[in-house]
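Given next are the chains, with one letter for each unit.
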Amino acid sequence: MVHGSNALAADAASQTLGEGAVLVQVRVARPTDKLEQVIAFYRDGLGLPELFRFAGHVDYDGIMLGLPGKSVHLEFTQHAHGSPCPAPSLDNLIVLYITDADAYERLNLRMHRMGYEAVAPENPYWLERSHTYEDPDGWRVVVCRETGI
């Protein structure tokens, strides 16, 4: 039996798509004009591990952060000539499920100490079970204390 982040990696690695294409990695990427502030929010605030960083690659700087490992990760890039990326709505979310009650509380206290205050969620489903934060670009991250699917 596989546990924890190894289970997520095994799940991602074992998924097949159409025509038997095996999914081995998922990356969610988006641009930003506030790369250093975004890094502070996701890496230093939420604690996502830095997997890789690059600078000056065809006028792009960027970083990849694990969710929770390399099989699923976020990439943020910034172009030398601008990379605006306003959030499309208040209900476009990344949801992080933290079921250990003490760890959940510590993470939310850490965010508060770093100056990241919870905001009211667009969807009331999240009210009694989570904290919602806005990153420097206005995209929302939900830290939920319950299990997802």
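So, a few notes on the structure that sits alongside this text. As the structure is a prediction and not an experimental result, all values here were calculated from the model.

1. Examining the sheet that holds strand β7 (residues 140–144)
The strands making up a sheet are joined through hydrogen bonds of the backbone, oriented either antiparallel or parallel.
No. 1: Taken in spatial order, the three strands make up an open sheet running β5-β7-β6, and their pairing is mixed. The sheet terminates laterally at β5 (93–97) and β6 (130–134), the two strands that pair on one side only. For this sheet the average axis-to-axis angle between neighbouring strands, irrespective of direction, equals 20°.
No. 2: Pairing between β5 and β7: five bridges, direction parallel. Across the sheet, leucine 96 pairs through a bridge with valine 143, a residue of β7.
No. 3: Here helix α3 (residues 101–113) sits on the sheet in contact with β6 and β7, set at roughly 30° to β6.

2. Examining the pattern of salt bridges
No. 1: Evaluated as defined, the whole model comprises nine salt bridges.
No. 2: The residue glutamate 134 makes a salt bridge to arginine 140 at a minimum N-O spacing of 3.1 Å.
No. 3: Given a relative accessible area of 6%, arginine 140 falls into the buried group.
No. 4: Salt bridges linked by common partners bring Glu36, Arg43, Asp44, Glu50 and Arg53 together as one network.

3. What to know about the side chain of threonine 77
No. 1: One can find threonine 77 in strand β4 (residues 72–79).
No. 2: In this structure threonine 77 touches Arg30, Pro31, Thr32, Phe54, Tyr60, Asp61, Gly62 and Ser83, once residues within four positions along its chain are discounted.

The rules we used
Residues numbered from 1 in each chain as written. Predicted model: local features only at pLDDT ≥ 70, side-chain atom pairs only at ≥ 80, totals over all residues. Heavy atoms only, no water. Pairing = 2+ DSSP bridges. Helix = DSSP H or I, 4+ residues; strand = E, 2+ residues; numbered from the N terminus. Axes fitted to C-alpha atoms, helices over the stretch in contact; angles between N-to-C directions. Contact = heavy atoms within 4.5 Å. Salt bridge = Lys/Arg side-chain N within 4 Å of Asp/Glu carboxyl O. Buried < 20%, exposed > 50% of the residue type's maximum accessible area, 1.4 Å probe, protein only.

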